[in-house]
Amino acid sequence: MSRIETICVQGGYTPGNGEPRQIPIIQSTTFKYDTSEDMGKLFDLEASGYFYTRLQNPTNDYVAAKIAALEGGTAAMLTSSGQAATFFSVFNIATAGDHVIASSTIYGGSYNLFAVTMKKMGVDFTFVSPDCTDEELEAAFRPNTKAVFGETLANPALIVFDIERFARAAHAHGVPLIIDNTFATPVNCRPFEWGADIVVHSTTKYMDGHGAGVGGCIVDSGKFDWMAHADKFPGLCTPDASYHGITYAEKFGNAGAFITKATAQLMRDLGSIQSPQNAFLLTPGLESLPVRMKRHCENGLAVAEFLSSSSKVASVNYPGLPSSRYYDLARKYMPAGTCGVVSFELKGGRSAAETMMKNLKVAAIETHVADARTCCLHPANATHRQMNDAELAACGISPSLVRYSCGIENAQDLIEDLAQALDSID
Ligand SMILES: *Cc1c(COP(=O)(O)O)cnc(C)c1O
């Protein structure tokens, strides 16, 4: 059972004789034991099992195991949101006084988390362009650098991250590469095969795919040798006083240390567990992921090609188009396709974008992407509304930019809808 379509459907949960075929929802905050000794072993991490759903729940663990198998990792945990997954993945190894290098084109929520909130917590970030030179990347490392963070396919810039190159640089400095693989999904890219060490997901996007539940996931490749860089990672390589002196990297090895620490410390203290109900809702999304991703990519390419041929459109950004400057990187890391999100600029400026959006009938205006239903957003009127045109220009967003997320509807219907909306611009 090694191929992605089969893992999507069958991975993570194997029912025994007479047990439920579907992953059961264990809607219970707590679990019953016969003796205090049994429970004590769980608290000491001497035995594995469940005692309180703030830390772990069986439904979540089945779904996490499926995602771990999809990414080719050794361990995974679900979190309440993609934001929580990103935060835990970094905070698990970088705390006050530490430094992290991140790509400058990561998702806006990740950028805020790093540049504002984690900065207040004492973690310093250097943002480098994903297209920086090797020298620029090298210059960003400091003695207290603990990780490098990038996004396979940046939301919304759709820039393809050169995972292999950044992994090489991170490893030369003895730190792991963390990759947000939300937009590509493991169906289109498996970052561990290119040297990444930790992967995070907002499962809210393609994995759920139906706009049903907010959630996140962290997966460990099990490949990073923490003990070989013990001086950099005291949290993993020295005894944890809050867990009876356990040294995670010793007791759980490279395969289990990262996720065990994130569960035992961060979930325990910060409580960002995904609800078992949402983990259950995520399951059918994961099962159909390869079928949907194929359609999202076909629709994305068809829409991008149509927009490229329109006289009303000034530019189209889609890494699956041969004219894209990221086409070669996309072919390398995502040979089966990238995603369904296309961004484009209109010739008539802000008002042209407003007119076109108003006239779309199939695509809905939403602050969401990567959904079965086509949706679109005008950043100048939504996520970047507080900025004037000069400020928009400074962060590379044109007032006429539209982010269009192709769903799994019929491509011809999407194109006809766009065509009539573009015709409405005078
Ligand atoms: C949406 C998103 C996130 C944040 O996920 P939430 O589930 O909304 O918290 C992180 N990274 C990427 C690439 C995203 O698109």
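Before reading further, recall that the structure is shown in the block above.
Residues numbered from 1 in each chain as written. Predicted model: local features only at pLDDT ≥ 70, side-chain atom pairs only at ≥ 80, totals over all residues. Heavy atoms only, no water.

Q: Describe helix α12 (residues 289–308), listing the residues and the values that go with them.
A: The terminal C-alpha atoms of α12, which comprises 20 residues, lie 28 Å apart, in line with the 28 Å expected from a rise of 1.5 Å per residue. Of all the residues in α12, the buried ones are Leu289, Pro290, Arg292, Met293, His296, Cys297, Asn299, Gly300, Val303, Ala304, Phe306 and Leu307. (Helix = DSSP H or I, 4+ residues; strand = E, 2+ residues; numbered from the N terminus. Expected span 1.5 Å × (residues − 1). Buried < 20%, exposed > 50% of the residue type's maximum accessible area, 1.4 Å probe, protein only.)

Q: Account for the site of the ligand, naming residues and giving values.
A: If you check the shell around the ligand, you find 14 residues, and the closest are Asn155, Asp180, Ser202, Thr204 and Lys205. Note that an oxygen atom of the ligand is positioned 2.6 Å from one of the side-chain N or O atoms of Thr204. Of the residues assigned to the shell around the ligand, the class counts are three nonpolar, eight polar and three charged. (Near = heavy atom within 4 Å. Polar contact = N/O pair within 3.5 Å; in protein donor to acceptor, adjacent residues only side chain to side chain. Nonpolar A, V, L, I, M, F, W, Y, C, P; charged D, E, K, R; others polar.)

Q: Give a description of the pattern of salt bridges that names residues and reports values.
A: A full pass over the atoms with the stated rule returns 13 salt bridges. We note a salt bridge from Lys32 to Asp34, for which the minimum N-O separation is 2.8 Å. Each of the two residues, Lys32 as well as Asp34, counts as exposed. Across the pair Asp98 and Lys146 runs a salt bridge, and its minimum N-O distance is 2.9 Å. You can see Asp98 sitting in the loop between α4 (82–91) and β2 (99–103) and its partner Lys146 sitting in strand β4 (residues 145–151), a full 48 residues away along the chain. Overlapping salt bridges, with partners in common, bring together Lys119, Asp124 and Arg142 in one network. (Salt bridge = Lys/Arg side-chain N within 4 Å of Asp/Glu carboxyl O.)

Q: An account of the packing of α4 against helix α5 (residues 108–120) is requested, with residue identities and associated values reported.
A: Packing of α4 against α5 brings their axes to within 10 Å, and their N-to-C directions diverge by 50°. As the angle between them shows, α4 and α5 are arranged oblique. Crossing of α4 against α5: the hand is right-handed. Contacts between α4 and α5 involve Gln83, Thr86, Phe87, Val90 and Phe91 on the former and, on the latter, Gly109, Ser110, Leu113, Phe114 and Met118. Considering only residue class, the contact of α4 with α5 consists of six nonpolar, four polar and no charged. (Axes fitted to C-alpha atoms, helices over the stretch in contact; angles between N-to-C directions. Parallel < 35°, antiparallel > 145°, perpendicular 65-115°, else oblique. Left-handed = near helix turned anticlockwise from the far one by under 90°. Contact = heavy atoms within 4.5 Å.)

Q: Which residues make up the sheet that holds strand β6 (residues 198–202), and what values go with them?
A: What the seven strands build is an open sheet, ordered β1-β7-β6-β5-β4-β2-β3; its pairing is mixed. Looking at strand neighbours, the two that pair on one side only are β1 (75–79) and β3 (124–128), the edges of this open sheet. The mean angle between the axes of side-by-side strands here comes to 20°, regardless of whether they run parallel or antiparallel. Sheet topology note: the β2/β3 ladder contains five bridges and is parallel. (Pairing = 2+ DSSP bridges.)

Q: Please give an account of the pairing of strand β5 (residues 177–180) that cites residues and values.
A: Burial along β5 is two-sided: Leu177 and Ile179 and Ile178 and Asp180, pointing in opposite directions, are all buried. Of the strand pairs in this sheet, β4 and β5 are connected by four bridges, and their pairing is parallel. Paired with Glu151 across the strands is Asp180, a residue of β5. As for the winding sense of the linkage, the β-α-β connection from β4 through helix α7 (residues 163–172) to β5 is right-handed. Relative to β6, β5 runs parallel, the two sharing three bridges. Across the sheet, the residue bridging to Ile178 is Ile198, located in β6. (Right-handed = clockwise from strand over helix to strand, strands pointing away.)

Q: Please set out the side chain of Lys261 residue by residue, giving values where relevant.
A: Here Lys261 is to be found in helix α10 (residues 248–270). Asp240 provides the closest opposite charge to the buried, salt-bridge-free Lys261, at an N-O distance of 7.3 Å. Once residues within four sequence positions are removed from consideration, Lys261 is found in contact with Asn92, Gly235, Leu236, Tyr248 and Leu266. (Lys, Arg positive; Asp, Glu negative; His and termini not counted.)

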